[in-house]
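Topology and contacts: notes
Read off the chains here:
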Amino acid sequence: QVHLVESGGGLVQPGGSLSLSCAASGTIFSIDDMAWYRQAPGKQRELVAIITSGGGMPNYADSVKGRVTISRDNAKDTVYLQMNSLKPEDTAVYYCKVRLRPAWGTRLRDYWGQGTQVTVSS
């Protein structure tokens with residue numbers, strides 16, 4: 001089994017910063033892409049940022065470019081999301097998604113974290 005544990009959400013004032021983390025554990029052979037999504041009330045889940053295993057440039061949603069940085073620590077099977085200059089419209093539940101192979105020879109599968117609430121409000 002694979003488990004993703006997220007942490008770091010909370011309440012922050014506009015203009016503030018938050019850092020999220022998502023650690024994968026369990027039966028893992030290799031990890032491919034790691035990503036953060038978010039879902040605001042009444043809206044569809046959307047991609048915030050994604051980082052590949054190959055060290056290429058991360059991709060960001062236009063709405064967060066220049067304010068958000070995704071990074072990963074392959075030794076810890078962990079992905080991070082540093083968010084700066086937060087706006088009220090960044091309020092959402094943030095989910096990590098990890099694409100991995102549970103064992104040698106298995107297909108890549110997507111696993112989701114439980115979600116962490118980020119609220120930007122004064």
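Residues numbered from 1 in each chain as written. Predicted model: local features only at pLDDT ≥ 70, side-chain atom pairs only at ≥ 80, totals over all residues. Heavy atoms only, no water.

**Structural notes on the overall build of the chain**
Helices and strands together make up the secondary structure of the chain, namely 0 helices and 11 strands. Dimensions of the chain along its principal axes, counting C-alpha atoms only, are 50 × 25 × 25 Å. When the 122 residues of the chain are sorted by exposure, 39% land in the buried category. Working note: accessible area of the chain is about 6,700 Å², and carbon and sulfur atoms make up 49% of it. Within the chain, the 10 negative side-chain charges are centred at a point lying 3 Å from the centre of the 13 positive side-chain charges. (Helix = DSSP H or I, 4+ residues; strand = E, 2+ residues; numbered from the N terminus. Buried < 20%, exposed > 50% of the residue type's maximum accessible area, 1.4 Å probe, protein only. Areas by Shrake-Rupley, 256 points an atom, 1.4 Å probe, with all protein chains shown as cover. Lys, Arg positive; Asp, Glu negative; His and termini not counted. Charge placed at Lys NZ, Arg CZ, Asp CG, Glu CD.)

**Focus on the packing of aromatic side chains**
The tally for this structure, following the rule as stated, stands at 1 aromatic pair. Between the NZ or CZ atom of arginine 45 and the centre of the ring of tyrosine 95, over which it lies, the distance is 3.7 Å. The ring of tryptophan 112 carries the charged tip of arginine 45 above its face, separated from the ring centre by 4.7 Å. (Phe/Tyr/Trp six-rings, centres within 6.5 Å; stacked < 30°, edge-to-face > 60°. Lys NZ or Arg CZ within 6 Å of the ring centre and 35° of its normal.)

**Here we look at the nonpolar core**
By size, the foremost hydrophobic cluster in this structure holds 30 residues, and its most contacted members are Leu4, Trp36, Val48, Val79, Leu81, Met83 and Tyr94. Secondary-structure elements contributing two or more residues to this core are strand E1 (2-7), strand E3 (18-26), strand E4 (30-39), strand E5 (46-51), strand E7 (68-73), strand E8 (78-83), strand E9 (92-101) and strand E11 (116-120). Residue contributions to this core peak at 5 residues, all from E9. Ignoring sequence-local partners within four residues, the contact set of valine 79 consists of Leu20, Ser21, Cys22, Met34, Trp36, Ile51, Ile70, Ser71, Arg72 and Cys96. (Core = buried A, V, L, I, M, F, W, Y, C linked by side-chain atoms within 4.5 Å. Contact = heavy atoms within 4.5 Å.)

**Brief notes about the pattern of salt bridges**
Counting across every chain of the model gives 6 salt bridges. The residue lysine 65 makes a salt bridge to aspartate 62 at a minimum N-O spacing of 3.2 Å. The residues lysine 65 and aspartate 62 share a single accessibility class, namely exposed. Taken together, the shared-partner salt bridges in this structure form one network comprising Arg38, Glu46, Arg67 and Asp90. (Salt bridge = Lys/Arg side-chain N within 4 Å of Asp/Glu carboxyl O.)

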